[in-house]
Every structure is written in C-alpha cells, then in structure tokens.
Amino acid sequence: MSMIWGCITDFFTYETTKSVVVKSWSVGIINRVVQLLIIIYFVCWVFLHEKAYQVKDSGIESSVMTKVKGFGYHNNRVMDVADYVAPTQGATVFCIITKLIVTEKQFEGFCPESEMKYNCDTDEDCDKHLGSFLGNGIITGACVNSSKGGRCEMEGWCPAENDRVKMQPMMEVENFTIFIKNSIRFPMFNVTRGNFPSSLNKTYISNCTYDPEHNRHCPIFKVGDVLRYTGQNISTIAQTGGEIGINIEWKCNLDESEERCEPHYSFTRLDAVFQKNGISEGYNFRFAKYYKMENGTDFRTLHKAYAIRFDILVTGLARKFNTVPTLINLVAAFTSVGLGTVLCDIILLNFLKGADQYKAKKFEKVSESQIQILLSREGCSQLSIKPEEKISDDSGAVSLYLDQQL
C-alpha cells in the first residue's frame, strides 16, 4: 500500500528549472565551442549548402523529340535515316542500326536447322531438342540431310537464319548527328523551360555541335563524341551494339532569374555491367519485312540488327524560397544550440571533481511541509541562502565557483 501511495505522490509533483551559473573556464569553453559548431553547421550546411529555406519540386513534366541525320555504307548499300533508325517517330528511346544480317526470301515450311548444336545422325539425336525454343523454329524430331550433313528438321520460316556470318559494321555512324528538343515544366511553380536558350538562332543551331566547354547549349550531338564521352571504342560498339544514356538534368534555383534555369548534359553506358561477361553482350533485335507473291504465297526478309540504343533520360529539381521551411529550420537551429548545455551537464555531473556539489545545487527537492515550516518562522518570506552561496547578476541565478575545486 505504501508503494502505491509513493507512486501517487511521485506522480503529482511539479518540476521547475533552477539556474546554476558555473564559473569554470573549461566547461565554459566547451559550451561555447559546441554552440559555435552547431551554428556553423546550420549556417554553412543546412542553409547555404542544402538551401533548407526553399521548397523543392522534383515532379518534373517532360517532353522529348529526337531526330537523327547522316548517311553511311553497309553491305554495298547507301543507308539513310529511314534504313537505320528504329523506331521512326523520334521518341525518347531510339536505335541507330550499325550492322544487319539479312536472311532473304523466307517461306513457311520444313527445313534443317542452321546451328551446329542440331547436328544429328539419327532421329533419336533430335528427340532431346523436342520442345526447345532456342532455335529458329519448332523441332519435328526428324534428322534430315543438308549441305552441312545431318541436321534436325524444324518447322518455321525457311531457310533458317544463320547469324554467324561475318559482316562489317557501318562505321560512318561516328559522324551521324542527334538533334534533341526537350521542354520541361515544374508544376509546383508553374515554370516552363526548353533546352534552347533565347540567345540561340537558326544560323547557330544549323552549324553547331555540342561541346561541354564551348557549345554546352547546342542541342545537336555527334554520335562519335557521345561515345567518346562514355569512354567507348567506336569499332567495338558498332560491331556488337550497346545502350547509351543521354542524361538531361535540370537544376533550377527559381529565386534567381528563370533564364539561368538551363539543362546540363551527361552521358553513360547503360549496359556496362553486362560487358564483363559474354552471356548477353551488346544490343541486337530482329524485324521482318513481309511480301506476297503473285500466287498469294507470303514470304519475308528477316533482319537481325545490331544497334546502338540511345535512351534520353530527363531529371529535374527546382527550388524556391518559402516561409514555412525557413521557420522550421530556424526553430531547429535555435533548439539545437541547447545541446551545448546538455553536454556540459553530462560533464559536470559525471566527470569533474565538484560533481557532487553541482548536483546538490542543480537538484533540490522541496515538499509542502518544508514550505509551511519556513513560512511559519517569523521574518522568513523566502528560502534561506547558505553563506557560501553567492547571488549572480544573471536573473538571480545561483553562482557556483568550481574552478577552486578542479
């Protein structure tokens, strides 16, 4: 019962702050250094570097249009944009074909497979390939004679594709150009910008190519330059294909003029992680062109295309002054300055020789009975002050000289 009563009396208590001024050089220096470090952190990092007084908008709305120009030779044919760019509508993702392996006049029917792993002597050798989806068609299970010996028969488009033929890539791709037209909008601030500064004109655009130092606003990029920016060997990537990212980054401080809200371009090899192994090196895809003979029979020309795929990636972040985050961070700064007091209290209460005296001055329990006894005494209207205590000029706080005991 006494334990319960003790809990009740402890619950219905009131704590108030008691100021104790400690006249100690060491503790005072620690307190001011900690406060100074906190102030420097908030001023230099939070407000100047992170600009915590601004609101941010990263929900960028973007539109990209691309256009490729250039001519090249491949397999004794002149290739133009309609031949080597896919898809043709100028989207944010497009491919420039550098090498084509063409299988002409394919008809649907039965024929031998083209790959050596389908070599056979009897039909039993083809049974293990039944249900396989790794060939050029559906394996029938029959072993048939071909110009290369016995091969498993497949049902599909014949003759089967042979993609192991040697073909030289179109090296003129190095001189092709990519025109990028990008417009963005920050919906929070209703700010719309484009990657053509107002200083650009048709004459400049028709003659410029992007350069990070001299022509960083030019929207026309030379393919060879883009590949060199990513550290790629042009001959290798033209042979195997690959994926290149063109990053358009918008970082805008809208407290300044909107004209200073400009794009920054960077380039990267997106499939670089797969270049360390030969499992799926480079980039290629297949497409077919279909025809119909006079007798109504369908046939097609199959193309296996090795290409450089370009991904236009647009990111953005806009900032602008706002009262709410400014007040929040100011309050956080003023509150954090009090951490110096917490650290000094830990030192005083645990590590200094005068810790017990500091505890006695900092924490004092006063009960109602003690107050009644003091008030009942004649001539007493406040708590008595011990002779060794001194009254500070700082708001009537009790001063404690610890330097004498350190």
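Let me sum up the structure you'll find in this document. None of these values were measured; they are calculated from a predicted model.

Here we come to the overall build of the protein. Along its length, the protein carries 11 helices and 18 strands. Principal-axis analysis of the C-alpha atoms places the extent of the protein at approximately 130 × 65 × 40 Å. In the protein, buried positions account for 36% of the 406 residues. A total of about 25600 Å² of accessible surface is found on the protein, and carbon and sulfur atoms cover 55% of it.

Let us now look at the state of the cysteines. For the coordinates displayed, the defined rule picks out 5 disulfides. In this model Cys111 forms its disulfide with Cys158; the gap between the sulfur atoms is 2.2 Å. On the sign convention where negative means left-handed, the S-S torsion of about -85 degrees between Cys111 and Cys158 marks this disulfide as left-handed. Placement of Cys111 in strand E7 (residues 93-112) and of Cys158 in strand E9 (residues 149-158) is noted, with a sequence separation of 47 residues between them. A relative accessible area of 10% places Cys111 in the buried class. With a sulfur-sulfur separation of 2.0 Å, Cys120 is cross-linked through a disulfide to Cys143. In this structure, the disulfide formed by Cys120 and Cys143 twists by about 95 degrees around the S-S bond and is classed as right-handed. A residue pair is termed long-range when its members are at least 10 positions apart, and Cys120 in the loop between E7 and helix H4 (124-127) and Cys143 in strand E8 (residues 137-146) qualify at 23 residues. Counting its disulfide-bonded cysteines in sequence order, the protein shows a connectivity of 1-6, 2-4, 3-5, 7-8, 9-10.

Time to look at the packing of aromatic side chains. Taken as a whole and judged by the stated rule, the model has 17 aromatic pairs. Pairing Tyr210 with Tyr265 gives two aromatic rings, centres 5.4 Å apart and planes at 75 degrees, and the pair type is edge-to-face. With Tyr210 in the loop between helix H5 (202-207) and strand E12 (220-222) and Tyr265 in strand E14 (residues 263-269), the pair connects residues that are 55 residues apart, well separated along the chain. Given a relative accessible area of 10%, Tyr265 falls into the buried group.

Throughout the structure, instances matching the rule amount to 15 salt bridges. Of the charged contacts in the structure, one is a salt bridge between Arg185 and Glu61, with a shortest N-O distance of 3.1 Å. Placement of Arg185 in strand E10 (residues 177-186) and of Glu61 in strand E3 (residues 61-69) is noted, with a sequence separation of 124 residues between them. In this structure, Arg269 and Asp271 form a salt bridge, with 2.4 Å as the shortest nitrogen-oxygen distance. It is possible to trace a salt-bridge network through shared partners that takes in Glu161, Asp163, Arg286 and Lys304.

Conventions and cut-offs
Residues numbered from 1 in each chain as written. Predicted model: local features only at pLDDT ≥ 70, side-chain atom pairs only at ≥ 80, totals over all residues. Heavy atoms only, no water. Helix = DSSP H or I, 4+ residues; strand = E, 2+ residues; numbered from the N terminus. Buried < 20%, exposed > 50% of the residue type's maximum accessible area, 1.4 Å probe, protein only. Areas by Shrake-Rupley, 256 points an atom, 1.4 Å probe, with all protein chains shown as cover. Disulfide = S-S within 2.5 Å. Phe/Tyr/Trp six-rings, centres within 6.5 Å; stacked < 30°, edge-to-face > 60°. Salt bridge = Lys/Arg side-chain N within 4 Å of Asp/Glu carboxyl O.

In short, shape yes, function no, at least from these values alone.
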